Amino acid sequence: MIRHIIALIATILAAGAFWFLAQMDIKSERAKLIADIIEKTKMEVPNKQKSMVTPIKQTQSVTIEDKRKKEEDEAQKKLKSLKDRAGSAMAFKVSPLYKQKCSSCHGVNGEGIIGPKLVGLSEDKVYKDLQDFKSGKRKNYVMYGLLSKMSDDDIKALSQEIGTFEQKLNSTK
Ligand code: HEC
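Just so it is clear, the model here is predicted, and its values are computed rather than measured.

> What's the story with the site of the ligand in this structure? I'm lost.
Around the ligand, the structure places 21 residues, and the nearest of them are Cys102, Cys105, His106, Arg138 and Met143. Within the contact set of the ligand, a nitrogen atom lies 2.7 Å away from a side-chain nitrogen or oxygen of His106. Within the side chain of Arg138, an N or O atom sits 2.8 Å from an oxygen atom of the ligand. At five residues, the largest contribution of residues to the shell around the ligand is made by helix H4 (residues 123-135).

> Which parts of the structure should I look at to understand the nonpolar core?
Within soluble globular proteins, side chains that are nonpolar generally end up buried alongside one another. Ranked by size, the top nonpolar core spans 17 residues in total, and within it Tyr98, Leu130, Leu147, Ile155, Ile162 and Phe165 carry the most contacts. Where this core is concerned, the elements lending two or more residues are H4, helix H5 (141-147) and helix H6 (152-163). At four residues, the largest contribution of residues to this core is made by H4. In contact with Ile155, other than residues within four places in its own chain, are Tyr127, Leu130, Lys134, Leu147 and Met150.

> Even after reading the chapter, I still don't get the packing of H4 against H6, so can you show me in this structure?
In a pair of packed helices, the angle between the axes and the distance between the axes together describe the arrangement. Between H4 and H6, the shortest axis-to-axis distance is 8 Å and the interhelical angle comes to 145 degrees. When you trace H4 past H6, the crossing you get is right-handed. When H4 is examined against H6, the residues Glu123, Val126, Tyr127, Leu130, Gln131 and Lys134 are found in contact with a partner set consisting of Asp152, Ile155, Lys156, Ser159, Gln160, Ile162 and Gly163. Among the residues making up the contact of H4 with H6, the classes are represented as five nonpolar, four polar and four charged.

> I would appreciate a short explanation of the side chain of Asp132 in the present structure.
Relative to the helices and strands, Asp132 is located in helix H4. Of note is the side chain of Asp132, whose polar atom sits 2.8 Å from the side chain of Lys128. For Asp132, the contacting residues outside a window of four places in its chain are Lys137 and Arg138.

> How should the coordination of the iron atom of the ligand be read in this particular structure?
Octahedral six-donor coordination of a metal ideally yields angles of 90 or 180 degrees, compared with 109.5 degrees for tetrahedral four-donor coordination. The protein atoms that coordinate the iron atom of the ligand are His106 (NE2) and Met143 (SD), at distances spanning 1.9 to 2.2 Å. One can describe the donor arrangement at the iron atom of the ligand as octahedral, given that its six donor atoms subtend angles of 80 to 179 degrees at the metal. Here His106, found in helix H3 (residues 103-106), pairs with Met143, found in helix H5; they are 37 residues apart in sequence, far enough to count as distant.

> Could you clarify how one ought to interpret the packing of aromatic side chains in this entry?
Two descriptors summarise a pair of aromatic rings, namely the distance from one centre to the other and the angle between the planes of the rings. What the rule picks out here adds up to two aromatic pairs. Ring centres of Phe92 and Phe165 lie 5.2 Å apart, and the angle between their planes is 55 degrees; this geometry places the pair in the tilted category. Taken together, the residues span a long stretch of sequence, with Phe92 in the loop between helix H1 (2-89) and helix H2 (96-101) and Phe165 in helix H7 (residues 165-172) at a distance of 73 residues. Taking the relative accessible area as the measure of exposure, Phe92 reaches 7% and is therefore buried. Residue class for Phe165 comes out buried when judged on its relative accessible area of 0%. Connected via pairs of aromatic rings, a cluster forms that spans Phe92, Tyr98 and Phe165.

Cut-offs used in this document
Residues numbered from 1 in each chain as written. Predicted model: local features only at pLDDT ≥ 70, side-chain atom pairs only at ≥ 80, totals over all residues. Heavy atoms only, no water. Near = heavy atom within 4 Å. Polar contact = N/O pair within 3.5 Å; in protein donor to acceptor, adjacent residues only side chain to side chain. Helix = DSSP H or I, 4+ residues; strand = E, 2+ residues; numbered from the N terminus. Core = buried A, V, L, I, M, F, W, Y, C linked by side-chain atoms within 4.5 Å. Buried < 20%, exposed > 50% of the residue type's maximum accessible area, 1.4 Å probe, protein only. Contact = heavy atoms within 4.5 Å. Axes fitted to C-alpha atoms, helices over the stretch in contact; angles between N-to-C directions. Left-handed = near helix turned anticlockwise from the far one by under 90°. Nonpolar A, V, L, I, M, F, W, Y, C, P; charged D, E, K, R; others polar. Donors = N, O, S within 2.8 Å, 3.2 Å for Na, K, Ca; no water. Tetrahedral: all angles 85-135°; square planar, octahedral: opposite > 155°, others 65-115°. Phe/Tyr/Trp six-rings, centres within 6.5 Å; stacked < 30°, edge-to-face > 60°.

Below, the structure is given as structure tokens:
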């Protein structure tokens, strides 16, 4: 009886081993198939790329290069004209305070952009204007906002500086 059981177990084990090996075989067969497919695509794809894709890529890279060069040239030109304009506009040096707070609207030398021209205004006139803006007597939100945080010393210094703009401009001509 025990022998029979052992024989049965041995048979089952043998069958299991056989099945396992068969599975391995299938797997390796599949692996080989996949390897074959990969090998084939490896052979074909580079050929296609060489005949079709590469020339397109080349022409593309050439046009991109051209475009970039053009853009660079244009940027260079713009920068140059900007520098030229800044150079001619900047006729004389101004204080850092004026440059930082006022030049964006009134111009680097008070020639006027968004804000009115300041060249030619006397120190007294500018000082009065600024005080009127600050007190709200003369209503302008931009100037008020700017001056409300500015000390009287700075306002006085700016007025004095702007008062000299015309003479400075004339002396550079
Ligand atoms: C954001 C823009 C802007 C900035 C920055 C600015 N201003 Fe003005 N400024 C104006 C405008 C706009 C007016 C005209 C307001 C009006 O007439 O009601 C003006 C008017 C003036 C006037 C009166 C001129 C006139 O003939 O009536 C003076 C003076 C002046 N600004 C000085 C300054 C000073 C000094 C600074 C720097 C502290 C300054 N502004 C900064 C926009 C600006």
